[in-house]
Amino acid sequence: MDQIATTNWPRASGSAPGERARTRILDTAEALFAEAGPAAVTLRSIAAAADVNVAAVNYYFGSKEKLFEEMFVRRIVPLNEERLVRLTACSEAAGGMPTLEDIVTAFVAPALQLTDAANASARAIVVQYSLGRVLALPEVNQMLVRYYARVREAFVAAVQRAVPYLAPHEVIWRYYWMGGSVMVALAVPPGMVEAPGGTVGSAGQARHHTMQGELIAFLVQGIRASSGAGAGLPGSGAAVSIRGV
């Protein structure tokens, strides 16, 4: 089976005390990482906030890096599984030929659920891992390959069928640009999208209610646009080796 399906997930709160402690450590670390960033958080501060000793954190996770990976994985795996479920559903409903709008919606909508206030910590972890550490740590890049491979392959194939006039390398790059746009949508704080004369509060409300439709429309038009011969696109005529997203 795919490695995604074999990951050991924290069990519900009614499980053994050790699993409850493990989940508490994950929840506490996620909140601390989201608030202060990975560099400012130590295993000792996580242990203190979770009301466990440092030995327990080391026992369950081994290192801060592994703990960070587990926080990321427990958020991104369900998100990507929902993307695949949505893509399968819209494909079956359309006899194997879903519209580009349906394909983009299947990719975008699950991620934008993280914009809900209750998911603020989860959003921060996904953004930090995807936009930050992947640029600096090769092992993180390799880990992202494992957890995004199925999604990448399924969505690239679906987009290629929806826009058959695009060359394969164009479709691959547009898939990554779609993923990058989603990451920016998750990362930008409400104050930075404030309209002139507006307030942070009104901007945040507008963002929450309209962002999905606007982002999907933007991406559909961008993916659908013809680039002619594709001159200037990175990787034109060659295999594209970027991973993740």
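Before any of the text, the structure's been laid out above.
Residues numbered from 1 in each chain as written. Predicted model: local features only at pLDDT ≥ 70, side-chain atom pairs only at ≥ 80, totals over all residues. Heavy atoms only, no water.

Caption draft 1: Summary view of the packing of helix H4 (residues 64–93) against helix H5 (residues 100–112). As a packed pair, H4 and H5 sit with axes 8 Å apart at the nearest point and diverge in direction by 155°. For the element pair H4 / H5, the angle class is roughly antiparallel. Between H4 and H5 lies a crossing whose hand is right-handed. Taking contact as the criterion, the partners of Leu79, Glu82, Arg83, Arg86, Leu87 and Cys90 in H4 are, on H5, Asp102, Ile103, Ala106, Phe107, Ala109, Pro110 and Ala111. Considering only residue class, the contact of H4 with H5 consists of nine nonpolar, no polar and four charged. (Axes fitted to C-alpha atoms, helices over the stretch in contact; angles between N-to-C directions. Helix = DSSP H or I, 4+ residues; strand = E, 2+ residues; numbered from the N terminus. Parallel < 35°, antiparallel > 145°, perpendicular 65-115°, else oblique. Left-handed = near helix turned anticlockwise from the far one by under 90°. Contact = heavy atoms within 4.5 Å. Nonpolar A, V, L, I, M, F, W, Y, C, P; charged D, E, K, R; others polar.)

Caption draft 2: Fine view of helix H2 (residues 43–50). Restricting attention to buried positions, one finds in H2 the residues Leu43, Ile46, Ala47 and Ala50. Along the axis of H2, the buried positions cluster into a sector of 100°, meaning they face one direction only. Along H2, exposed side chains directed more than 90 degrees from the buried face belong to Arg44 and Ala48. (Buried < 20%, exposed > 50% of the residue type's maximum accessible area, 1.4 Å probe, protein only. Arc of directions from axis to C-beta.)

Caption draft 3: Structural detail: the side chain of Ser91. Relative to the assigned elements, Ser91 resides in helix H4. Sequence-distant contacts of Ser91, defined by excluding residues within four places in its chain, comprise Gly96, Met97 and Pro98.

Caption draft 4: Just the pattern of salt bridges, in detail. On inspection of all chains with the given rule, the structure shows six salt bridges. Glu81 serves as the salt-bridge partner of Arg150, at 2.7 Å between the closest nitrogen and oxygen. With a gap of 69 residues between them, Arg150 in helix H7 (residues 138–162) and Glu81 in helix H4 connect regions that are remote in the sequence. In this structure Arg150 comes out as partly exposed when scored by relative accessible area, which is 28%. With a relative accessible area of 27%, Glu81 lands in the partly exposed category. Its salt-bridge partner being Arg86, residue Glu82 comes within 3.0 Å of it at the nearest N-O pair. (Salt bridge = Lys/Arg side-chain N within 4 Å of Asp/Glu carboxyl O.)

Note that every value here comes from positions in space, so none of it alone points to a role or purpose.
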